[in-house]
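# Breakdown of the fold
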Amino acid sequence: MTFGDQYKKWKVDDFKVPSACGLSGFISQDGHLTGGDVIIESMSVIRDRGNGLGGGFAGYGIFPKYKEHYALHIMFEDANGKSRCEELLEGSLEVEASEEMPTKPIPQIQDPPLLWRYFAVPRREKLAAEGAGADDFMVRLVMTINTTVPGTFVFSSGKNMGVFKAVGFAEDVGEFFRIPDYSAHTWIGHGRFPTNTPGWWGGAHPFNILDWAVVHNGEISSYGINKRYLEMFGYHCTLLTDTEVMAYLFDLLVRKQGLPLSIACKILAAPFWKDIDEEDDPAEKELLESLRMAYGSALVNGPFAVIVGYSRGMVGLNDRIKLRPLVAAYKDDLLYVSSEESAIRQICPRPDRVWAPPAGQPVIGELKGDT
Amino acid sequence: MAKESTKREPEVKAVTVDAKGVYYRELNSRVRELIDDGYTEIVLDGVNGQRYIGDGLTDKVNIIINGVPGNDLGAFMDGPTLTVNDNAQDGVGNTMNSGKIVVRGHAGDVIGYGMRGGRIFVSGDVGYRVGIHMKSYREQVPIIVAGGKAGDFFGEYMAGGVIVLLGLGEDDRPMVGHYMGTGMHGGAIYTRGEPAHNLLGKEVSVFSLEDDDKKLLGGILSEFCEDALIDGSGIDVSDLVKLRPFSHRPYGSKYVY
Amino acid sequence: MPGTLVPSEFVVYIDPERCRKCKRCVLNCGFGAFEFKDRTIADSSKCVACHRCVVFCPEEAITIARNPLAFRDHPSWDVSLRKSIWRQAATPGMILTGMGNDLPWLNIFDHLLIDACQVTNPSIDPLREPMELRTYLGRKPDRLEVEPDGNHGFRLKNKVSNNIKLEVPIIFSGMSYGSVSLNVHRALAIAAEQLGTVMNTGEGGLHEELYPYADHIIVQCASGRFGVHSEYLNAGVAVEIKIGQGAKPGIGGHLPGEKIGSEVSSTRMIPAGTDALSPAPHHDIYSIEDLRQLIYALKEATGYKPVSVKIAAVHNVAAIASGIARAGADIIYLDGFRGGTGASPAVIRDHVGIPVEIALAVVDEQLRKEGIRNLVSIIAAGGIRSSADVAKAIALGADAVGIGTAALIAMGCRLCQKCYTGNCSWGIATQRPELTGRLDPDWGAERLVNLVNSWSTELQEILGALGVNAIESLRGNRERLRSLGLDSTTTEILDVKPAGR
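About the thresholds
- Residues numbered from 1 in each chain as written.
- Chains lettered and ligands numbered in written order.
- Predicted model: local features only at pLDDT ≥ 70, side-chain atom pairs only at ≥ 80, totals over all residues.
- Helix = DSSP H or I, 4+ residues; strand = E, 2+ residues; numbered from the N terminus.
- Rg over C-alpha atoms; globule rule 2.2 N^0.38 Å.
- Buried ≥ 20, exposed ≤ 12 C-beta atoms within 10 Å, placed from the backbone.
- Contact = placed C-beta atoms within 7 Å.
- Pairing = 2+ DSSP bridges.
- Core = buried A, V, L, I, M, F, W, Y, C linked by C-beta atoms within 7 Å.
- pLDDT = per-residue confidence, 0-100.
- Axes fitted to C-alpha atoms, helices over the stretch in contact; angles between N-to-C directions.
- Nonpolar A, V, L, I, M, F, W, Y, C, P; charged D, E, K, R; others polar.
- Domains from an automatic or database assignment.
- Parallel < 35°, antiparallel > 145°, perpendicular 65-115°, else oblique.
- Left-handed = near helix turned anticlockwise from the far one by under 90°.
- Expected span 1.5 Å × (residues − 1).

## Focus: the overall build of chain A
Looking only at helices and strands, chain A has twelve helices and 18 strands in total. Against the globule reference of 21 Å for 371 residues, chain A gives a C-alpha radius of gyration of 20 Å, in line with a compact fold. On the principal axes, the C-alpha backbone points of chain A span a range of 60 × 50 × 45 Å. Looking at chain A as a whole, 59% of its 371 residues are labelled buried. Summarising the internal contacts of chain A: among those between residues at least 6 apart in sequence, 77% fall at separations of at least 24.

## Side note on the overall build of chain C
What chain C contains, in helices and strands, is 15 helices and 23 strands. Taken over C-alpha atoms, the radius of gyration comes to 24 Å for chain C, in line with the 23 Å a tight globule of 501 residues would show. Taking the principal axes of the C-alpha coordinates as reference, chain C spans close to 90 × 55 × 45 Å. Among the 501 residues that make up chain C, the fraction classed as buried is 52%.

## Observations concerning the pairing of strand β13 (residues 304-310) of chain A
Look at any regular strand and the pattern is simple: side chains alternate between the two faces of the sheet. Residue and element names in this part refer to chain A. The buried fraction of β13 is high, at seven of seven residues. Burial of the side chains of β13 extends over both faces: Phe304, Val306, Val308 and Tyr310 are buried on one face and Ala305, Ile307 and Gly309 on the other. Two strands pair when backbone bridges link them, and strand β12 (residues 212-218) and β13 are joined in this way by six bridges, in the antiparallel orientation. What sits directly across from Val214, in β13, is Val308. Looking at chain direction, β13 and strand β14 (residues 313-318) are connected through six bridges and run antiparallel. Counted as the bridge partner of Ile307 is Gly316 from β14. Hairpin connection, β13 to β14: the antiparallel pair is bridged by two residues.

## Here's the deal with the nonpolar core
As a rule of thumb, soluble globular proteins bury nonpolar side chains together. Formed by 262 residues in total, the largest nonpolar core has its most connected members in Ile217, Ile332, Leu334, Leu360, Ile379 and Val401 of chain C. What Ile379 of chain C contacts, discounting residues up to four positions off in sequence, is Ile171, Ile331, Tyr333, Leu334, Ala398, Asp399, Ala400, Val401 and Gly402 of chain C. Membership of the second largest hydrophobic core comes to 71 residues, among which are Val126, Met134, Phe154 and Met175 of chain B.

## Thoughts on the confidence of the model for chain C
Averaged over all residues, the pLDDT of chain C equals 92, while 99% of them reach at least 70. Interface predicted TM-score (ipTM) for the complex: 0.89; the corresponding pTM is 0.85.

## Points about the sheet that holds strand β4 (residues 70-76) of chain A
Sheet strands pair via backbone hydrogen bonds, and the direction of the pair is either parallel or antiparallel. All names here are of chain A. Strand order in the open sheet formed by four strands is β5-β6-β4-β7, and the pairing between neighbours is antiparallel. The strands lining the two open edges of the sheet, one partner per strand, are β5 (93-100) and β7 (152-156). Averaged over all pairs of adjacent strands, the angle between strand axes in this sheet comes to 30°, irrespective of strand direction. Bridge count between β5 and strand β6 (residues 114-122): seven bridges; the pairing is antiparallel. Residue pairing for β6: Glu94 is matched across the bridge by Val121. Set on the sheet, helix α3 (residues 79-92) makes contact with β4, β5, β6 and β7; between it and β6 the angle comes to about 10°.

## What about the interface of chain B and chain A?
Taken together, the contacts link 15 residues of chain B with 17 residues of chain A. Of the residues in the side of chain B that touches chain A, the class split is two nonpolar, nine polar and four charged.

## Some remarks on the interface of chain A and chain C
Residue-level contacts link 35 residues of chain A with 37 residues of chain C. If one sorts the elements of the side of chain A that touches chain C by residue count, helix α11 (residues 282-294) of chain A sits on top with eight residues.

## Thoughts on unusual backbone geometry
His205 of chain A connects to Pro206 of chain A through a cis peptide bond whose omega is 10°. By secondary structure assignment, the location of Pro206 of chain A is in the loop between β10 (186-192) and β11 (207-209). Not every positive phi belongs to a glycine, and Leu229 of chain B is a case in point at roughly 60°. Here Leu229 of chain B lies in the loop between α2 (211-228) and β11 (240-245). The phi angle at Asp495 of chain C is positive, at roughly 55°, despite the residue not being glycine. In this structure, Asp495 of chain C sits in the loop between α15 (488-494) and β23 (497-498).

## Here's the deal with the sheet that holds strand β8 (residues 161-166) of chain A
Residue and element names in this part refer to chain A. The strand order across the open sheet built from seven strands is β8-β3-β10-β1-β16-β15-β17, with neighbouring strands paired in antiparallel fashion. Whereas interior strands pair on both sides, the edge strands pair on one side only; in this sheet they are β8 and β17 (353-355). In this sheet, neighbouring strand axes are inclined to one another by 10° on average, regardless of whether the strands run parallel or antiparallel. Two strands pair when backbone bridges link them, and strand β3 (residues 55-60) and β8 are joined in this way by six bridges, in the antiparallel orientation. Paired with Gly59 across the strands is Gly162, a residue of β8. Strand contacts of helix α2 (residues 37-45): β1 (21-28), β3, β10 and β16 (334-338), with the helix running at about 35° to β10, the strand carrying the most contacts.

## A few points about the domain arrangement of chain C
Residues and elements named next belong to chain C. Domain annotation of chain C identifies domain 1 (10-93) and domain 2 (160-498). For domain 1 and domain 2, the distance between their C-alpha centroids amounts to 32 Å. Taken together, the contact pairs nine residues of domain 1 with nine residues of domain 2. For the side of domain 1 that touches domain 2, the per-class residue count stands at five nonpolar, three polar and one charged.

## Structural notes on helix α11 (residues 387-396) of chain C
Residue and element names in this part refer to chain C. Within α11, nine of the ten residues are buried, leaving the element largely enclosed by the surrounding structure. Buried within α11 we find Ser387, Asp389, Val390, Ala391, Lys392, Ala393, Ile394, Ala395 and Leu396. Following α11 by one or two positions, Gly397 adopts a phi angle in the positive range, close to 135°.

## So, the pairing of strand β7 (residues 143-146) of chain B
Residue and element names in this part refer to chain B. Going residue by residue along β7, you find Ile143 and Val145 tucked away on one face and Ile144 and Ala146 tucked away on the opposite face as well. One ladder, built from four bridges, connects strand β6 (residues 119-122) with β7; its direction is parallel. Bridging across to β7, Arg119 finds its partner in Ile143.

## Some words on the packing of α11 of chain C against helix α14 (residues 441-466) of chain C
Residue and element names in this part refer to chain C. In the contact formed by α11 and α14, the axes pass within 9 Å of each other and the chain directions differ by 55°. In this view, α11 runs oblique relative to α14, as classed from their interaxial angle. In this structure, α11 crosses over α14, and the sense of that crossing is right-handed. Of the residues in α14, those in contact with Ser387, Val390 and Ala391 of α11 are Trp455, Glu458, Leu459 and Ile462. In terms of residue class, the contact of α11 with α14 is made up of five nonpolar, one polar and one charged.

## Brief notes about helix α10 (residues 356-369) of chain C
Because an α-helix packs 3.6 residues into every turn, residues spaced three or four apart end up facing the same way. Residues and elements named next belong to chain C. An ideal rise of 1.5 Å per residue puts 20 Å on 14 residues; α10 measures up with 19 Å between its terminal C-alpha atoms. When you tally the buried positions in α10, you get eleven out of 14 residues, the bulk of the element. Contacts made by the buried residues of α10 are with α8 (317-326), β18 (331-335), β20 (377-381), α11 and α15.

## What about the environment of Tyr330 of chain A?
Residue and element names in this part refer to chain A. Examined against the element boundaries, Tyr330 turns out to sit in strand β15 (residues 327-331). A count of 17 C-beta atoms within 10 Å places Tyr330 in the partly exposed class. Along the primary structure Tyr330 and Cys348 are separated by 18 residues, whereas in three dimensions their C-alpha atoms are 9.2 Å apart. Contact partners of Tyr330, with chain neighbours within four places excluded, come to Leu335, Pro351, Asp352 and Arg353.

See below:
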């Protein structure tokens, strides 16, 4: 099936594809850069969690030359889609540079679409006219492109970071996109096991909006209501995989509503009423009760383990009854999170500490100071 | 070093395999070949993440694993002794029938699910859903011992067998998580110290030890400490309490006929 | 000409071999269908098939059968229509009836199927693992703000306004004291307290004996303003403005003077023996801004308790609900066309209004489209018959459901539809002291608690099968429903996919 056929098929049938998979990620909190070969090696150990129908990576700090520009990664079905999209881009953005994404053709990655990247900022006059902040402007632009320009899909839109993903095993996807050529302070990786029909490039993980990149293992049984809740705030869930609600929920709660990351995690993996009732501190109890009352539709139910990368850090989170595995480890300034300990031990043979975070408790690593 | 198997073997025929980077299918098939060739002690070096080691094996052999084995270690196993000189992952001893698995480190989630016999000894912490639906029948009694702490749903749905949780470790985390023994309708859990009552499933109650319990525990703990390399001198059997279900038909009144 | 042209609906058979002439049937029948003249004689024309006699006959000597009298079938002229004409030709007037719509309109709940998890998502064991049904009714903020608490944690900056806390997403619908007996109200209050939910006074006020149950009562302010005074307004966790109900949208109410005894009279604050008339509209609400005015008047009068607005589900219910939410209501109670009543003209009960399933779907969708869904909680009512209906209503978008008919059936009601006569043999829809004494409030409360607990357990099983462990993950999650045998327009309006998609 060509990319275009798959894309059309999914759009028409509105068919949600659940995700089951393997995750790995690490961050150097001192901001040291590591080559992408390391994350590929980690993913190779948990290859069997995927079935080769999707793989991907996200790296942060990979475009030091264009630190202040939004780096758009776009896949096109054909040249027509590309020119239509570029018209839209030109109208809204000042594009500093654009080029085909460097790739390496390998037999394991078949029928790649056109893959381009653009480093750009919103046009000042457009921003002023819409009275929007640059981030909101970009979110709207990305949603517009993804919902109205056929055969086009923006799969990365953050600054100084990039998502790379395709149909294939993670190691192959990494080789195809030349991941070892990039150096990042934060890497996350994903190998997919979609249980229904063949994957679609856009459906692979990480899922991205601005600098949020989410890799997800599990299935969101509350998807229907999470999606409808997000739509009230202008997010369009088009991707037919449930992971996108995770990314949008982080964007809504943390970026738009300004809630601290740890509070956002208490909304997504909310503590049980039983535990809230037993809370001794009345202020904490009121906070937890109110969070559940106000944000019940953002509670993410069903098994999940996610690793989320963002401009300043990385967070790993489990669902409230830990139905999916998640292991964390420290070594000096490095924080590792993965579906399996062996994926961590492959790239960090002797960690200072290895542990399994309890259900609903986030593991957060952040860059120290300015980087 | 693993002990020799307790059955009197004429001699130990040992071999070491370099498992580094070997795909699990190849590794496990190699192990089977070696067993067929009469090896009784197989050391796997450089293991990291290979799944299904020891699965379905019925021979009384010793397999020593140096490194972190992948998921489902010793699943459906019926006889061998596996010793891990590192941490283990999820699914250890899944539906195990007999034999022994020793982990000198911590282990992950869903340990001993549906276990029907044999022993699993973990020196460190264990994860969530340990010992779900363990069951025993006549002399076949499965036993799990964990030296450290455990997560939620410990002993969920237990129908038989014995789980011992020692809670050793310097930190002040609670020894066990919520919903301990939820759905339990058989078997016994022993913990070192009484868990807070709000952590217990509603089917479970705390009892003090009887002489039979102490005798059972004495034997199990000394074997555990030796295998898992734990210093047992600080552990006094009388510090343990017993948790058992109220009823073997906890849901009799849930249905209307 | 004979007195009536209308043959009896039912025929009462007494087995003479078994009857031991204890006369219990004579005593028990509220409709006077039995008399004793050296043997028990039944007047079938008075029988309403309420089964009181059957249940209380120690010898099981009584059977009630449908009158086997044959009518010529006619697909358009159902026998009931012919009977109605005979009755109205004999005595002019509107035909009254009780309880809910009994015409064979399509039941949408019966065409919705619930999902379950298989493989890609584990189902959860509700008997052994946490399964949360707790629900809060009231206004929720769009967002919360927190600030550091100086101790590595955070605390709330903006509070969530008054909400009603329910341990289960099922409440007891309003049934007026007058249409039902005081013992029914007592049973509902006791059960609501035990279950951690609320009952609703209905439009007949609240007997002061029930004031101690204030934390579990919603007091209703209806068009007749019966029993509405400031103490009453403060004797509940919330106040409900009753604009209409599903059984009789758009019309008022009429409780005949025969049902206004001294207790009802003092509770409603009208003279005994007079008719209690509820006007069709609230005469201070002729437009939406008037509603806003009343809502805030009530809030000011009660220290800002949550205010609920109860409406019948009618054609443009979505726009109406949007207006109500913007007018300041905290809760919208949607009563579908199958809602029950103590008395309503049959033609209104059976032909006016729309199903609650559709009302719920369009109201929930409209409020979301306008970005105001969190301003109100939605309660769905009108023919909620089982835990399956509860689950489906919640999946369509309801925060909770209300049960009226089911609650009365739990207490013995047989759905004979004669509530308006005040002769209820079960002591439910009556004020006759010799009948009301038959319902022991504690017994009634136990039956209600059993019913709601049973449904809660079933609801937890359903949630477990769906792989969710908190009711908020089912709420509005239409993705977990599929339709079977509905036309495509209806499925589109419900925004539910057909099974297979």
